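In case you want the letters, here they are:
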Amino acid sequence: MADRSPGALTLTLDRVRLIVIGSSGTFPAPGRPTAAFLVQQNSTRVWCDAGPGTFAALPVEPDMIDAIVVSHQHPDHCLDLLTAFHAYRFRPEPRYGVPVYCPQSVVDRLLEFVEAADDSELVRTLAFHPVNDGDAVQIGELSVSFATTDHSVPTVASRWEANGKVLAYSADTGPAGDWMRVASDADLFLCEASYQGPAGESAYPHHLTAGEAGAIARRMGARHLMLTHIPPYLDATQSVAEAEATFDRPVELAVPGASRKL
Ligand SMILES: [Zn+2]
């Protein structure tokens, strides 16, 4: 017979929670690390992207993390995997086999960084599962699928589903991503907005303007849009205003410490 106590009911029906750890684009600012988020569904907790300084800013004990997802090899998204390696391995009772889902190129970069003698310790501590376009994995109560983005190195956007709710994360990307697979009908679309101003005039084509982020979110039928990856030298309120003009609804801003249920 099913347990119908109020506590059990809450546990069963709890919604996906997103906690922002870092949201700065390309490099951090005081109090605002680069990309990192915690995605939680009941007792399942996944650390998504590992910008520098974000291991120490995790909102839960590192041993409560079930897995790590990293979108790509750029330092503002992956550097704290090295910190995590040190923290899990070089303590009196190491934790081995922490699952890490990321493109193979992330693993290759990290192996170049550590001393050859530590190669085996790195892959013993962090159990890498390379992911490619179209892959899907189940991490506890979270179903996560991946799609390659329009970026300068192999990069995966991710779509997180649990309990009928969908969180989409663009990772770093230009406008040519496979948005249907990533963000269609998302309850919350966490999207990068590295630039401001008119579309198509950015110096680097593999990022989005805030207006492009809003237009994509609207086209995909996302219910809510949250901007991230805004560099410190831009006025984020201007980015939000530009995204609201194309999304045609209020737009949220990823602020470290913010916790939001879908
Ligand atoms: Zn990047």
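See the structure shown above.
As the structure is a computational prediction, the values presented were derived from the model and not from experiment.

> Describe the coordination of the zinc ion, and please don't skip the residues or the numbers.
Taken together, His72 (NE2), His74 (ND1), His151 (NE2) and Asp172 (OD) make up the protein donors of the zinc ion, found 2.2 to 2.3 Å from the metal. With four donor atoms in place around the zinc ion and angles of 92 to 166° between them, the coordination shape is irregular. Taken in sequence order, the residues that donate to the zinc ion follow the motif H-x1-H-x76-H-x20-D. Here His151 is found in the loop between β8 (142–148) and β9 (156–162), whereas its partner Asp172 is found in the loop between β10 (165–169) and α6 (179–183), with 21 residues between them in sequence. A relative accessible area of 2% means that Asp172 is categorised as buried.

> Break down the pairing of strand β5 (residues 98–102) for me, with residues and values.
Of all five residues that make up β5, five are buried, and the element is covered over most of its length. Burial of β5 is two-sided: the residues Val98, Val100 and Cys102 facing one way and the residues Pro99 and Tyr101 facing the other way are all buried. Judged from the two bridges that link them, strand β4 (residues 67–69) and β5 form a sheet pairing that is parallel. Among the inter-strand pairings, Ile68 is bridged to a residue of β5, identified as Val100. Note that β5 and strand β6 (residues 126–130) share five bridges and pair parallel. Paired with Val98 across the two strands is Leu126, which belongs to β6.

> Got a sec to walk through the sheet that holds strand β7 (residues 136–139)? Specific residues and values, please.
Here we have seven strands laid out as an open sheet, ordered β7-β8-β9-β10-β11-β12-β13, and mixed in their pairing. The open sheet has two edge strands, β7 and β13 (252–253), and neither has a second partner. Here strand β12 (residues 225–228) runs beside β13; their pairing, made up of two bridges, is parallel. By the bridge assignment, Leu227 is partnered in β13 with Leu253. Strand contacts of helix α7 (residues 210–219): β11 (188–192) and β12, with the helix running at about 150° to β12, the strand carrying the most contacts. Packed onto the sheet, helix α8 (residues 236–247) meets β12 and β13 and runs at close to 145° relative to β12.

> I'd like a rundown of the packing of aromatic side chains, residues and numbers included.
Scanning the model with the defined rule gives six aromatic pairs in all. Taken together, a centroid distance of 5.3 Å and an interplanar angle of 65° make the contact between Phe37 and Tyr169 edge-to-face. Note that Phe37 is positioned in strand β2 (residues 36–41) and Tyr169 in strand β10, a separation of 132 residues in sequence. Among the residues examined, Phe37 registers a relative accessible area of 1% and is labelled buried. Taken together through their ring pairs, the aromatic side chains of Trp47, Phe55 and Tyr88 make up a single cluster. One cation-aromatic arrangement involves Arg124 over Tyr96; the distance from NZ or CZ to the ring centre is 3.7 Å. Across from the ring centre of Phe247, 4.4 Å away, lies the NZ or CZ of Arg249, which sits over that ring.

> Could you give an account of the packing of α7 against α8, with specific residues and numbers?
Two elements in contact, α7 and α8, have axes whose closest approach is 7 Å; the angle formed by their N-to-C orientations is 35°. For the pair α7 and α8, the crossing hand works out as right-handed. Contacts from Ala210, Gly211, Gly214, Ala215, Ala217 and Arg218 of α7 reach α8 at Ser239, Glu242, Ala243, Thr246 and Phe247. Taken together, the residues of the contact of α7 with α8 break down into five nonpolar, four polar and two charged.

> Break down α7 for me, citing the residues and quoting the values.
The buried fraction of α7 is high, at seven of 10 residues. All of the buried residues in α7 are Ala210, Gly211, Glu212, Ala213, Gly214, Ile216 and Ala217. In the segment just after α7, Gly221 is the residue with positive phi, at about 75°.

> Go over the environment of Ser143, please, and point to the residues and values.
Note that Ser143 resides in strand β8. A residue is classified by how much of its surface remains accessible, and Ser143, at 28% relative accessible area, is partly exposed. Expressed as a C-alpha distance, the spacing of Ser143 and Cys78, which sit 65 residues apart in the sequence, is 22 Å. With sequence-adjacent residues up to four places away left out, Ser143 is seen in contact with Val137, Gln138, Arg159, Trp160 and Glu161. For Ser143, the side chain forms a polar contact with the side chain of Gln138, separated by 2.7 Å.

> Which residues make up the pattern of salt bridges, and what are the values?
Throughout the structure, instances matching the rule amount to 12 salt bridges. Salt-bridge contacts for Arg124 lead to Glu121; the nearest nitrogen and oxygen are separated by 3.7 Å. Pair noted here: Arg124 and Glu121 are both in helix α5 (residues 119–125), with a separation of three residues, about one helical turn. With relative accessibility at 44%, the residue Arg124 sits in the partly exposed group. Glu121 sits in the buried class, given a relative accessible area of 15%.

Criteria and thresholds
- Residues numbered from 1 in each chain as written.
- Predicted model: local features only at pLDDT ≥ 70, side-chain atom pairs only at ≥ 80, totals over all residues.
- Heavy atoms only, no water.
- Donors = N, O, S within 2.8 Å, 3.2 Å for Na, K, Ca; no water.
- Tetrahedral: all angles 85-135°; square planar, octahedral: opposite > 155°, others 65-115°.
- Helix = DSSP H or I, 4+ residues; strand = E, 2+ residues; numbered from the N terminus.
- Buried < 20%, exposed > 50% of the residue type's maximum accessible area, 1.4 Å probe, protein only.
- Pairing = 2+ DSSP bridges.
- Contact = heavy atoms within 4.5 Å.
- Axes fitted to C-alpha atoms, helices over the stretch in contact; angles between N-to-C directions.
- Phe/Tyr/Trp six-rings, centres within 6.5 Å; stacked < 30°, edge-to-face > 60°.
- Lys NZ or Arg CZ within 6 Å of the ring centre and 35° of its normal.
- Left-handed = near helix turned anticlockwise from the far one by under 90°.
- Nonpolar A, V, L, I, M, F, W, Y, C, P; charged D, E, K, R; others polar.
- Polar contact = N/O pair within 3.5 Å; in protein donor to acceptor, adjacent residues only side chain to side chain.
- Salt bridge = Lys/Arg side-chain N within 4 Å of Asp/Glu carboxyl O.

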